[in-house]
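Chains, contacts and geometry: an overview
What follows is the residue order along each chain.
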Amino acid sequence: MLSGCTPWPDETAGRYRRLGYWSGEVLGDLTRDVARLDGERIAVVDGAGRHTYADVDRRADRLAAGLHGLGLRPGDRAVVQLPNQVEFVTTCLALFRLGVIPVLALPAHRGREIGYLCRHTGAALYITRERYQGFDHRELARQVADEVAHVLVAGDPGPFRSLAGVDADPLPLDRPASSEVAFFLLSGGTSGVPKLIPRTHDDYACQLRRTAEAVGFGPGDVYLAALPAAHNAALGCPGVLGTLRAGGTVVMAGTPAPDEVFALIARERATLTTVMPPIVGLWLDLAGPLGADLSRMTLQVGGARLSPDTARRVRGELGSPLTHWFGMAEGPLFHTRLDDPDEVAATTQGWPLHPDDEVRVVDVDGRDVARGDEGELLVRGPCTIRGYYRGSGDSFTPDGFLRTGDLVRLTAEDRLVVTGRRTEVVNRGGEKVPAGELEDQLLGHPDVREAAVAALPDPVLGEKTCAFVVAGGPVSPEALIGYLRGCGLAEFKLPDRVVFRPVLPRTPIGKIDKRALVASLGAD
Ligand code: OOB
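Heads up: these notes are all about the structure in this document. (Residues numbered from 1 in each chain as written. Predicted model: local features only at pLDDT ≥ 70, side-chain atom pairs only at ≥ 80, totals over all residues. Heavy atoms only, no water.)

**Notes on the site of the ligand**
Lining the immediate surroundings of the ligand are 21 residues, of which His231, Trp325, Ala329, Asp406 and Lys432 lie closest. Between the ligand and Trp325 there is a distance of 2.8 Å, counted from a nitrogen atom to a backbone nitrogen or oxygen. Expressed as a share of its isolated accessible area of 600 Å², the protein-covered part of the ligand is 96%. Sorting the residues of the shell around the ligand by element identifies helix H8 (232-235), strand E16 (322-327) and strand E22 (416-421) as the ones contributing at least two each. Top element by residues in the shell around the ligand is E16. It accounts for four residues. A class-by-class count of the residues in the shell around the ligand yields nine nonpolar, eight polar and four charged. (Near = heavy atom within 4 Å. Polar contact = N/O pair within 3.5 Å; in protein donor to acceptor, adjacent residues only side chain to side chain. Areas by Shrake-Rupley, 256 points an atom, 1.4 Å probe, with all protein chains shown as cover. Helix = DSSP H or I, 4+ residues; strand = E, 2+ residues; numbered from the N terminus. Nonpolar A, V, L, I, M, F, W, Y, C, P; charged D, E, K, R; others polar.)

Here it is as structure tokens:
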């Protein structure tokens, strides 16, 4: 396994293989069979058109050969920042085939995150697109150009190399081992800078297979990618990669904005999509007025707390089947079944995805709590990683359980109910803002003496971000936001509110008392 990553113990890996959970499949092969047997079938629909399995598969082979010609070799890393377009798929497939490991950045990431990812992974390559949602990504490319050997740009490359121009006759390439790292996802649940999550071919193929089974997804199905494909929820639950594995069609939406997606759902007859809770609320409000019929599309909802009331409205008002998911990029997945009673989907996150997932709920001392009591969720299983890339801190127990940082309880039927969080992350409707990362950035401002970031309740997003600041000079909220933007922080990490305080309250052991800070807002 790639150095810096933690393999599963031999005995466990052997068992997962013997039981067929890990079947030796590699992700570069996802499109092979359909491309050969039914090549004219549509694999991907995006703003540029309809792309067949044969086209996608051929382009991936040619890109892999072109990258090989640039000197890329198995085990190299490539930071990939592509929005929902066919190049996301062909690039990932090409890298998988070559054994080069994509590091999947979100389109919203900016210089700070991209620079960190390039440095931390020692990436040889940065792949992006010319501009997206008004932002010129070649600007980012300029900032990281010294860190990587090559920059490839989809669209007008400016001073860089064009992604489309990397093209060569296919080469015979060694198939990577299925136990090897296929790609890196970014953590959403941990505090501090995003941790890198090495997902192997074995564990991810297992996830793709089981998630497709869970939602009854097959070759006749059409998946609408409304969230960024680089996020685990849209990538592989079954998402974009699981759809290709099943022989279905992926429809790439640029954004989950109702006017764009409602038209796509109707035109392409989408049968499944994944969204985060605020989008469900938006769609509920606008489907009627915009005359959209979503009743033939299953809604897979997860990423943040889904209010029971919103969940109850889905079947009644949209007529769509609803499945409620708890997921993490690290691998743990729980979900409600499509034949569960509506109330189960409204009030729980269901059962673990895999029959061999081991689930514990523990107190602060790591002891199992009584069923029904709240504690931290620990998970171990065939789709859950055993360590982060280059440093796991105390995120895993000595016997390999991931400490999720989420507070949960189990119902009498062993279904999961998420009740809160132990780690300091603000969950803005599914977009995760690590409090520590934002605090560190704020403290970099010369006029900020102390900073504490906390979540405030929000009717739309569930939570929003509030920065409490002790100023050491004349500084305004607008100036601080401008400063943070200048640091190259992704837009979704900028605080929704900045509040100045003369001092920050402390707990008896001297930690900043964020609960008291949030409570104090009511008194303003
Ligand atoms: C998904 O993955 P991440 O890695 O962006 O975020 C994981 C965190 C969890 O630790 C938890 O705090 C929160 O997101 N979360 C939920 C939730 N689902 C995730 N909190 C409350 N209720 C839920 N249903 O967010 C993700 C990955 C795959 C599928 C779905 C979501």
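Now that the structure has been shown, the text picks up again.
**Focus: the sheet that holds E16**
Spatially, E2-E1-E13-E12-E14-E15-E16-E17-E18 is the arrangement adopted by the nine strands of the open sheet, whose pairing is mixed. The two strands at the open ends of the sheet, each matched to only one other strand, are strand E2 (49-52) and strand E18 (351-352). In terms of strand pairing, strand E14 (residues 272-275) meets strand E15 (residues 298-302) through four bridges, oriented parallel. Bridge assignment links Thr273 to a residue of E15, and that residue is Leu299. Across the face of the sheet, helix H3 (residues 53-69) comes into contact with strand E1 (42-46) and E2 while running at roughly 75° to E2. This element, helix H11 (residues 277-287), spans strand E12 (222-225), E14 and E15 of the sheet and lies at about 120° to E14. (Pairing = 2+ DSSP bridges. Contact = heavy atoms within 4.5 Å. Axes fitted to C-alpha atoms, helices over the stretch in contact; angles between N-to-C directions.)

**Brief notes about the pairing of E16**
With five of its six residues buried, E16 lies for the most part within the structure. The pairing of E16 with strand E17 (residues 333-335) spans three bridges and is classified as antiparallel. Looking at E17, one finds that Phe326 is bridged to Phe334. Hairpin geometry of E16 and E17 is characterised by an intervening segment of five residues between the two adjacent antiparallel strands and by a positive phi of about 130° at Gly331. (Buried < 20%, exposed > 50% of the residue type's maximum accessible area, 1.4 Å probe, protein only.)

**Quick word on the pattern of salt bridges**
Counted under the stated rule, the structure contains 47 salt bridges. Across the pair Glu268 and Arg50 runs a salt bridge whose closest N-O atoms are separated by 3.0 Å. Residue Glu268 is found in helix H10 (residues 258-268), and its partner Arg50 is found in strand E2; the two are separated by 218 residues along the sequence. For the salt bridge of Glu439 with Lys514, the shortest nitrogen-to-oxygen distance reads 2.6 Å. Of this pair, Glu439 sits in helix H14 (residues 435-443) while Lys514 sits in helix H16 (residues 514-521), placing them 75 residues apart in sequence. When sorted by exposure, Glu439 lands in the same class as Lys514, which is buried. A network of salt bridges, in which partner residues are shared, links Asp29, Arg32, Asp57, Asp61, Arg97 and Arg175. (Salt bridge = Lys/Arg side-chain N within 4 Å of Asp/Glu carboxyl O.)

This is a description of form; function is not addressed.
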